[in-house]
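Summary of structural features
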Amino acid sequence: MTVRTRFAPSPTGYLHLGGARTALYSWAYARHFGGTFVLRIEDTDLERSTPEAVQAILDGMKWLGLEHDEGPFYQMKRMDRYREVILTMLEQGTAYLCYCSPEEVEAMRERMRAAGEKPRYDGTWRPEPGKELPPVPPGVQPVVRFKNPLEGEVTWNDVVKGPITIANKELDDLVIARPDGTPTYNFCVAVDDWDMGITHVLRGDDHVNNTPRQINILRALGAPLPEYGHLPMILGADGEKLSKRHGAVSVMEYPAQGYLPEAMLNYLARLGWSHGNDEIFSMEQFTEWFNLEHLTASAAQFNNEKLAWLNNHYIKQADNGRLAELARPVLEREGARLLSGPDLAAVIGLMKERANTVNELADAAMLFYREPKSDPELVAQHLTDAARTALGQFAERAKSVEWTRAAISAMVKEVLAANGLKMPQLAMPLRLALTGQLQTPAIDAVVELFGRDTVVERVEKFI
């Protein structure tokens, strides 16, 4: 059997973190077995589906690097196929026309609620041997209902939750086509999974109640059943369902905040799956290790600090040129004078060790691309007479010293020795002169990056 998985979001908003995790697991399972990963857009909800939401899903998948092998398939472009299947089901008696109005169905349900029963459609138009159906009301467009089995149970061995059984008497005769002929969600999903040969369905556990309906439809069609796995939801740190009050929930908010896709993928992979105690791994390792046996049935909690820690790891590993291109638009928005400063990739290489996000990295790099503005109190504190003399000597020697970090470091030590000073007594005012702040990376590295002309000009101006 060739493994075929799918990610089938409804384009009603954005690609949220739970959906991204589902896509990742489905993609990884297909990759692990050399199978096929299908992208399907379930856009039959015309009132809520938008082209912008479709694009948000595609953008999120692209940013994460979860490339699909087939698709994207759009359900609205498969209407002819759905109508064909519905006609076949009507002919075979596995579906029937129902002329009840929505008001009549709601009245049925109210009567059942009042009697303490589970509210459901009462089967008024369900054809049975020897049953006389009501006369067809004139001018009424019927819905099409699936003739769900009345007896027995639907059981499947969920790859995440274990065996699940639901009695058929708990299920309604589902509407599979509306009065205008538009097919409904569960029907479309079942037909799509059949037509696309899906072997494994991984999705959120909010779909558990849909699964027995889809299984019964597939059985009525004589179609093979995929294996199902329902992933628990992702919770916020407070144990509540993840929502905007916990921070970003749309995948595409994270690149805007300076997160790398490899960090997000690594983090999402561990929100419901584990490989021993391994916390950091590449996607190549993940797809090699990934299996369904190690999916957890308990809800995972989203931890922003853990994600930031992972992002810091991947920033430290990332190519400086790539990080520079990600940081560049952030710096430009802040008014950085990039053309008059040092090479951005070199600055990034110096600053990236402590940055949790690209945005933090850009903020840190900003000191190389703006005019220094020093606090007068700090200047008065650190620009002593001894420091002023030492800075003057530093500036003079800087005009001719070999411009390498090692040579600059040696020169600084010579100036310190000549003036009987300790490193902070020269480094602090030198930092103020060059950047306007006291906290920077190693001073010899900062001096080297600024370049000879800028260093001499700023120090002489400062003293």
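Parameters and conventions
- Position labels on residues start from 1 in each chain and follow its written sequence.
- The predicted origin of the model limits local features to residues at a pLDDT of at least 70 and limits the giving and counting of side-chain atom pairs to 80 or more, whereas totals for whole chains, interfaces and linings rest on all residues.
- Excluding hydrogens and water, the side-chain values take into account all heavy atoms of the structure.
- UniProt positions are given in the numbering used here, feature names are shortened, and annotations may be inferred rather than shown by experiment.
- Helix numbers and strand numbers start at the N terminus; a helix is a DSSP run of H or I with at least 4 residues, a strand a run of E with at least 2.
- Note that the radius of gyration is over C-alpha atoms, with the globule rule given as 2.2 Å times the number of residues to the power 0.38.
- A 1.4 Å probe rolled over the protein chains alone gives each residue an accessible area, and that area as a share of the maximum for its type sets the label: buried under 20%, exposed over 50%, partly exposed in between.
- In this analysis, two residues are considered to be in contact whenever any of their non-hydrogen atoms come within 4.5 Å of each other.
- Surface accessibility follows the Shrake-Rupley procedure with a 1.4 Å probe radius. Residue values consider only the protein chains on display as shielding.
- Working convention for charge: Lys and Arg count positive, Asp and Glu count negative, and His plus the chain ends are omitted.
- To locate a charge, take NZ of a lysine, CZ of an arginine, CG of an aspartate or CD of a glutamate.
- Pairing of aromatic rings covers Phe, Tyr and Trp, the last through its six-membered ring, and needs centres within 6.5 Å; plane angles under 30 degrees mean stacked, over 60 mean edge-to-face, and all others mean tilted.
- Placement of a charge over a ring requires the Lys NZ or Arg CZ to be within 6 Å of the ring centre, with the centre-to-atom vector within 35 degrees of the ring normal.
- By disulfide we mean two sulfur atoms from cysteines, separated by a distance within 2.5 Å.
- A helix is expected to span 1.5 Å multiplied by its residue count minus one.
- Our arc is simply the arc of the directions from the helix axis toward the C-beta atoms.
- As used in this record, nonpolar core signifies buried Ala, Val, Leu, Ile, Met, Phe, Trp, Tyr and Cys residues forming a set joined through side-chain atoms within 4.5 Å.
- Between any two strands, at least two bridges found by DSSP are needed for them to pair.
- What counts as an axis is a line fitted to C-alpha atoms, over the stretch in contact for a helix, and the angles between N-to-C directions run from 0 to 180 degrees.
- Should a side-chain nitrogen of Lys or Arg be within 4 Å of a carboxyl oxygen of Asp or Glu, the pair is scored as a salt bridge.
- When the strands point away from the viewer and the connection leading from the first strand across the helix to the second strand turns clockwise, the crossover is called right-handed.

Looking at an unreviewed UniProt entry, one finds the protein named Glutamate--tRNA ligase, with Massilia agilis as its source organism. For the protein, the Subunit (unreviewed entry) comment in UniProt is given as "Monomer." Per its UniProt entry, the protein bears the Subcellular location (unreviewed entry) comment "Cytoplasm".

Check the secondary structure of the protein and you find 19 helices and twelve strands. Its C-alpha radius of gyration of 32 Å places the protein more than 25% over the 23 Å reference for a compact globule of 463 residues. The principal-axis extent of the C-alpha atoms belonging to the protein is close to 110 × 45 × 40 Å. By the burial criterion, 50% of the 463 residues in the protein qualify as buried. Partitioning the contacts of the protein with sequence separation of at least 6, the portion at a separation of at least 24 is 74%. A total of about 22,100 Å² of accessible surface is found on the protein, and carbon and sulfur atoms cover 50% of it. Computing the positive centroid from 50 side-chain charges and the negative centroid from 63, the protein places the two 2 Å apart.

What follows concerns the packing of aromatic side chains. Tallying each qualifying case throughout the model produces 16 aromatic pairs. Both rings, one in Tyr-254 and one in Phe-302, keep their centres 6.4 Å apart while their planes meet at 55°; by these two values the pair is tilted. On the criterion of sequence distance, the pair formed by Tyr-254 in helix H7 (residues 253-256) and Phe-302 in the loop between strand E12 (300-301) and helix H10 (304-317) is long-range, its members being 48 residues apart. Note on accessibility: Tyr-254 and Phe-302 belong to one class, buried. Measuring from ring centre to ring centre gives 5.9 Å for Trp-273 and Phe-281, while their planes differ by 85°; the resulting arrangement is edge-to-face. Taking relative accessible area as the criterion, Trp-273 reaches 2% and is therefore assigned buried. Taken together through their ring pairs, the aromatic side chains of Tyr-25, Tyr-29, Phe-33, Trp-273, Phe-281, Phe-286, Trp-289 and Phe-290 make up a single cluster. Cation over ring: Arg-145 sits above Tyr-121, and NZ or CZ is 3.7 Å from the ring centre.

Let us now look at the state of the cysteines. Evaluation of the coordinates by the stated rule reveals zero disulfides. No disulfide involves Cys-98; its nearest neighbouring cysteine sulfur is the one of Cys-100, lying 4.0 Å away. On the basis of relative accessibility, which here comes to 1%, the residue Cys-98 falls in the buried class.

Take helix H15 (residues 385-398) next. Under the 1.5 Å per step criterion, the end-to-end length of H15 is 20 Å for 14 residues, consistent within 8% with the ideal 20 Å. Those residues of H15 lying buried are Ala-387, Ala-390, Leu-391, Phe-394, Ala-395 and Ala-398. Down the axis of H15, the sector holding all buried residues measures 140°, keeping them to one side. Against helix H14 (376-382), helix H16 (405-419), helix H17 (423-435), helix H18 (443-450) and helix H19 (452-462) lie the buried residues of H15.

Turning our attention to the nonpolar core. One finds Leu-24 and Phe-286 to be the most contacted residues of the largest nonpolar core, which totals 106 residues. Among the elements that line this core, the one with the most residues is helix H1 (residues 17-32), at nine residues. Counting 31 residues, the second largest nonpolar core, distinct from the first, contains Ile-86, Met-89, Val-144 and Ala-190.

Within the open sheet, the three strands sit side by side as E4-E5-E8. Their pairing is antiparallel. Unpaired on one side and paired on the other, strand E4 (95-98) and strand E8 (175-177) mark the two borders of the sheet. Sheet twist, expressed as the average angle between the axes of neighbouring strands with direction ignored, equals 45°. Note: strand E5 (residues 143-146) against E8, two bridges, orientation antiparallel.

Moving on, we get to helix H3 (residues 79-92). Given a rise of 1.5 Å per residue, 14 residues ought to cover 20 Å, and the 20 Å separating the end C-alpha atoms of H3 matches this to within 8%. For H3, the set of buried residues is Met-79, Tyr-82, Val-85, Ile-86 and Met-89. For H3, the arc enclosing every buried residue in end-on projection is 125°, short of the 170-degree limit, so these residues lie on one face. Opposite the buried face of H3, by more than 90 degrees, sit the exposed residues Asp-80, Leu-87, Glu-91 and Gln-92. Structurally, H3 contributes buried residues whose contacts are with E4, E5, E8 and helix H5 (185-195). Within two residues after H3, Gly-93 carries a phi angle of roughly 85°, on the positive side.

A few words on the pattern of salt bridges. For the coordinates displayed, the defined rule picks out 28 salt bridges. Linked by salt bridges that have partners in common, Arg-6, Arg-40, Glu-42, Arg-78, Arg-81, Glu-84, Asp-192, Asp-193 and Asp-195 make up one network.

Taking the numbering used here, the UniProt-annotated feature "domain: Aminoacyl-tRNA synthetase class I anticodon-binding" (unreviewed entry) corresponds to residues 322-463. For residues 322-463, helix accounts for 68% and strand for 0%, while the C-alpha atoms at its two ends are 38 Å apart.

Mapped onto the secondary structure, Thr-184 falls in the loop between E8 and H5. Residue classification places Thr-184 among the buried positions, given a relative accessible area of 12%. Apart from residues lying up to four places away in sequence, Thr-184 is in contact with Val-175, Ile-176, Ala-177 and Arg-178.

Both strand E2 (residues 36-41) and strand E3 (residues 70-74) contribute to a ladder of three bridges, which runs parallel. Each bridged residue has a counterpart across the sheet, and for Val-38 the counterpart in E3 is Glu-70. Crossover E2 to E3 through helix H2 (residues 51-64) is right-handed.

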